[in-house]
Amino acid sequence: MRLRHIPGSEEAIATSPYVVRQPQQYQGKFCELFANSNPIEIEIGMGKGKFIMELAKINPQINYLGIERYPSVLLRAIEKREEMELSNIYFLCMDAKALTEVFAPEEVSRIYLNFSDPWPKDRHTKRRLTSPEFMKIYDQVLKKDGVLEFKTDNKGLFAYSLESIPAAGWKISDFTYDLHHSPMADGNVMTEYETKFSSMGNSICKLIASR
């Protein structure tokens with residue numbers, strides 16, 4: 001599906017106080033951006049930001065960075081952010097491939113991947129955010145005791161991830177094919193897609209991985 005471009009989205013992002021421009025300048029010192037030494041958690045492909053902004057609201061003792069590569073999508077998150085009084089969340093408009101250029105080794109405590117593009121064609125497997133190629137990137141920025149959480153309604157992508165993540169040298173500590181009817185549902189914060197797909201009767205899959 002082709003993403004609809006919203007005129008003026010790039011300009012809005014360039015002037016928003018909630019978007020970190022030239023994030024490389026904070027590599028290894030995001031604590032200066034937040035003016036504290038709290039743990040940093042990131043969501044890759046945050047969409048309109050419902051999930052990560054809810055987390056920021058619930059957990060003021062944690063700093064959050066929402067990553068979204070598409071300006072037109074990020075614009076919607078900025079509009080929501082303007083309605084909330086939060087001091088522990090910022091956004092980055094960037095590709096996840098550049099994580100090591102933005103974050104120092106072990107600077108991130110937790111990574112969230114929610115309803116990522118499944119890239120169903122075999123020739124596109126390296127683009128999947130749970131591919132061994134991306135897991136190597138996460139390995140460089142995530143703390144040694146850090147964790148990665150992944151949710152999707154795409155059974156094919158989930159089955160792939162259950163194999164690709166261990167193949168990259170990680171271990172899956174817990175997983176379910178039906179999140180909302182499992183013990184893993186405790187404390188679950190839903191995304192926009194999760195709300196939509198679960199209302200249609202789709203079961204949600206989730207896994208938690210670490211090194």
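A few points on the structure. No experiment lies behind these values; they were computed from the predicted model shown. (Residues numbered from 1 in each chain as written. Predicted model: local features only at pLDDT ≥ 70, side-chain atom pairs only at ≥ 80, totals over all residues. Heavy atoms only, no water.)

### Looking at the overall build of the protein
Part 1 of the reasoning: Scanning the protein for helices and strands turns up 8 helices and 7 strands.
Part 2 of the reasoning: Since a compact globule built from 211 residues should have a radius of gyration of about 17 Å, the 16 Å found for the protein is in line with a globular shape.
Part 3 of the reasoning: Overall, the protein is about 40 × 35 × 35 Å in size when its C-alpha atoms are taken along their principal axes.
Part 4 of the reasoning: A separation of at least 24 residues holds for 75% of the contacts in the protein among residues at least 6 apart in sequence. (Helix = DSSP H or I, 4+ residues; strand = E, 2+ residues; numbered from the N terminus. Rg over C-alpha atoms; globule rule 2.2 N^0.38 Å. Contact = heavy atoms within 4.5 Å.)

### As for the nonpolar core
Part 1 of the reasoning: Core analysis: the biggest nonpolar cluster contains 37 residues, and Ile42, Ile44, Leu99, Phe103, Ile111, Tyr138 and Leu148 have the highest contact counts within it.
Part 2 of the reasoning: The leading source of residues in this core is helix α6 (residues 132–141), at 5 residues.
Part 3 of the reasoning: If we ignore the near neighbours within four places in the chain, the residues touching isoleucine 44 are Ile67, Ala96, Leu99, Ile111, Tyr112, Leu113, Leu129 and Tyr138.
Part 4 of the reasoning: Listed in part, the 19 residues of the second largest apolar core include Val19, Met46, Ile62 and Ile89. (Core = buried A, V, L, I, M, F, W, Y, C linked by side-chain atoms within 4.5 Å. Buried < 20%, exposed > 50% of the residue type's maximum accessible area, 1.4 Å probe, protein only.)

### Notes on the packing of aromatic side chains
Part 1 of the reasoning: Inspection of the entire model under this criterion finds 11 aromatic pairs.
Part 2 of the reasoning: The interplanar angle of 70° and the centroid separation of 5.2 Å between the aromatic rings of phenylalanine 51 and tyrosine 112 together place this pair among those described as edge-to-face. Remark: tyrosine 112 occurs in strand β4 (residues 108–114) and phenylalanine 51 occurs in helix α3 (residues 50–58); sequence separation between them is 61 residues.
Part 3 of the reasoning: A centroid spacing of 6.5 Å and a plane angle of 40° characterise the contact between phenylalanine 115 and tyrosine 193, whose relative ring orientation is tilted. Here phenylalanine 115 is found in the loop between β4 and α6, whereas its partner tyrosine 193 is found in helix α8 (residues 192–199), with 78 residues between them in sequence. (Phe/Tyr/Trp six-rings, centres within 6.5 Å; stacked < 30°, edge-to-face > 60°.)

### Observations regarding a positive patch on the surface
Part 1 of the reasoning: A contiguous patch of positive charge, built from Lys97, Lys121, Arg123 and Arg127, is present on the exposed surface.
Part 2 of the reasoning: Residue class for lysine 121 comes out partly exposed when judged on its relative accessible area of 45%. (Patch = residues over 30% accessible without salt bridge, like charges linked within 9 Å, V, L, I, M, F, W, Y side chains within 5 Å. Areas by Shrake-Rupley, 256 points an atom, 1.4 Å probe, with all protein chains shown as cover. Salt bridge = Lys/Arg side-chain N within 4 Å of Asp/Glu carboxyl O. Lys, Arg positive; Asp, Glu negative; His and termini not counted. Charge placed at Lys NZ, Arg CZ, Asp CG, Glu CD.)

### Details of the pattern of salt bridges
Part 1 of the reasoning: Summed over all chains, the structure comprises 8 salt bridges.
Part 2 of the reasoning: With a shortest N-O distance of 3.3 Å, arginine 76 and glutamate 79 are connected by a salt bridge. In this pair, arginine 76 and glutamate 79 are both assigned in helix α4 (residues 71–81), 3 residues apart and thus about one turn of the helix distant.
Part 3 of the reasoning: Taking relative accessible area as the criterion, glutamate 79 reaches 34% and is therefore assigned partly exposed.

### Observations regarding the pairing of strand β1 (residues 40–44)
Part 1 of the reasoning: For β1, a buried count of 5 out of 5 residues is recorded, marking the element as mostly surrounded by other parts of the structure.
Part 2 of the reasoning: Along β1, one buried face is formed by Ile40, Ile42 and Ile44 and the opposite face, lined by Glu41 and Glu43, is buried too.
Part 3 of the reasoning: Relative to strand β2 (residues 63–67), β1 runs parallel, the two being bridged by 5 bridges. Along β2, the bridge assignment pairs glutamate 41 with tyrosine 64.
Part 4 of the reasoning: This β-α-β element, β1 to α3 to β2, shows right-handed connectivity. (Pairing = 2+ DSSP bridges. Right-handed = clockwise from strand over helix to strand, strands pointing away.)

### Focus: unusual backbone geometry
Part 1 of the reasoning: Although it is not a glycine, glutamine 22 adopts a positive phi angle of roughly 50°.
Part 2 of the reasoning: Relative to the elements of secondary structure, glutamine 22 occurs in the loop between α1 (9–15) and α2 (30–34).
Part 3 of the reasoning: Accessibility expressed as a relative area gives 61% for glutamine 22, which makes it exposed.
Part 4 of the reasoning: Located in the positive-phi region is glutamate 106, a residue other than glycine, with phi close to 60°.
Part 5 of the reasoning: With respect to the helices and strands, the residue glutamate 106 is situated in the loop between α5 (99–102) and β4.

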